Amino acid sequence: MAREFGRNARVSSQMQKELSLVLQRDIDDSRLGFITINEVVVTKDLAVAKVYVTVLNVDEQGKKANVKLLNEMSPVIRHQLAKRMRLRHISDLRFYYDDSFDTGMRVSELLSGLDKRDEDEG
């Protein structure tokens, strides 16, 4: 009988919850903005975790700076994560910016622009 969710999916989900708590409570760095963990993708062997984040209220350069800072702080974050999770081995963390939020906002703006144009014409 196969499980609905594999081990790496369960680890990814738990890691996402714990990472958000670590960044919120344990990491106190004024250079970091308001960071949201969108998704964590863990490889099948649990060796590497790709962490997709968004940073709110910053420009493009600020987003890159926050992701770079997170990657530099990765060992510290990983250590804090290891304290919270009951795993023998904690994955290496690699942070990436997730631009799906920005894309969604752009599409929303375009669609609202179409609605206004249709109202003006009709």
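In this report, we go over the structure that sits alongside the text. (Residues numbered from 1 in each chain as written. Predicted model: local features only at pLDDT ≥ 70, side-chain atom pairs only at ≥ 80, totals over all residues. Heavy atoms only, no water.)

1. Examining helix α3 (residues 74-84)
Residues of α3 that are buried: Ser 74, Ile 77, Gln 80 and Leu 81. The arc that holds every buried residue of α3, seen down its axis, measures 130°, which confines them to one face. Turned more than 90 degrees off the buried face of α3, the exposed positions are Pro 75 and Lys 83. Along its buried surface, α3 packs onto α1 (7-26), α2 (60-72) and β3 (92-97). (Buried < 20%, exposed > 50% of the residue type's maximum accessible area, 1.4 Å probe, protein only. Helix = DSSP H or I, 4+ residues; strand = E, 2+ residues; numbered from the N terminus. Arc of directions from axis to C-beta. Contact = heavy atoms within 4.5 Å.)

2. Quick look at the environment of Pro 75
Here Pro 75 shows up in helix α3. When the C-alpha atoms of Pro 75 and Leu 93 are compared, they prove to be 8.0 Å apart, with 18 residues separating the residues in sequence.

3. A few points about α2
Counted at 1.5 Å a residue, the expected span for α2 with its 13 residues is 18 Å, and the 19 Å between its end C-alpha atoms agrees. Within the span of α2, buried status applies to Gly 62, Lys 63, Asn 66, Val 67, Leu 69 and Leu 70. All buried residues of α2 project into a common sector of 160° when viewed along the axis, lining one side. Residues Gln 61, Lys 64, Lys 68 and Glu 72 are exposed on α2 and point more than 90 degrees away from its buried face. (Expected span 1.5 Å × (residues − 1).)

4. Topic: the pattern of salt bridges
All chains considered together, the criterion is met by four salt bridges. Arg 84 is the salt-bridge partner of Glu 18, the closest N and O atoms lying 3.5 Å from each other. You can see Glu 18 sitting in helix α1 and its partner Arg 84 sitting in helix α3, a full 66 residues away along the chain. Under the relative-accessibility criterion, Glu 18 is labelled buried at 11%. The class of Arg 84 is partly exposed, set by a relative accessible area of 30%. Of the charged contacts in the structure, one is a salt bridge between Asp 29 and Arg 31, with a shortest N-O distance of 2.8 Å. Members of the salt-bridge network, linked through shared partners, are Glu 18, Asp 26 and Arg 84. (Salt bridge = Lys/Arg side-chain N within 4 Å of Asp/Glu carboxyl O.)

5. Here we look at the sheet that holds β3
The pairing of strands in a sheet happens through backbone hydrogen bonds and is either parallel or antiparallel. Ordered by their spatial adjacency, three strands build an open sheet running β1-β2-β3, and the pairing between neighbours is mixed. One side of each edge strand has no neighbouring strand; the edge strands of this open sheet are β1 (34-42) and β3. Along the sheet, successive strands turn relative to each other by an average axial angle of 30°, direction set aside. (Pairing = 2+ DSSP bridges. Axes fitted to C-alpha atoms, helices over the stretch in contact; angles between N-to-C directions.)

6. Considering a nonpolar patch on the surface
A surface patch of nonpolar side chains, about 240 Å² in accessible area, is lined by Val 107, Leu 111 and Leu 114. Along the chain, Leu 111 falls in helix α4 (residues 100-121). (Patch = residues over 30% accessible without salt bridge, like charges linked within 9 Å, V, L, I, M, F, W, Y side chains within 5 Å. Areas by Shrake-Rupley, 256 points an atom, 1.4 Å probe, with all protein chains shown as cover.)

7. Re the environment of Ile 35
Counting through the fold element by element, Ile 35 comes out in strand β1. Sequence separation between Ile 35 and Glu 60 is 25 residues; the distance between their C-alpha atoms is 14 Å. When neighbours within four sequence positions are excluded, Ile 35 is seen to be in contact with Leu 23, Val 53, Thr 54, Val 55, Asn 66 and Leu 70.

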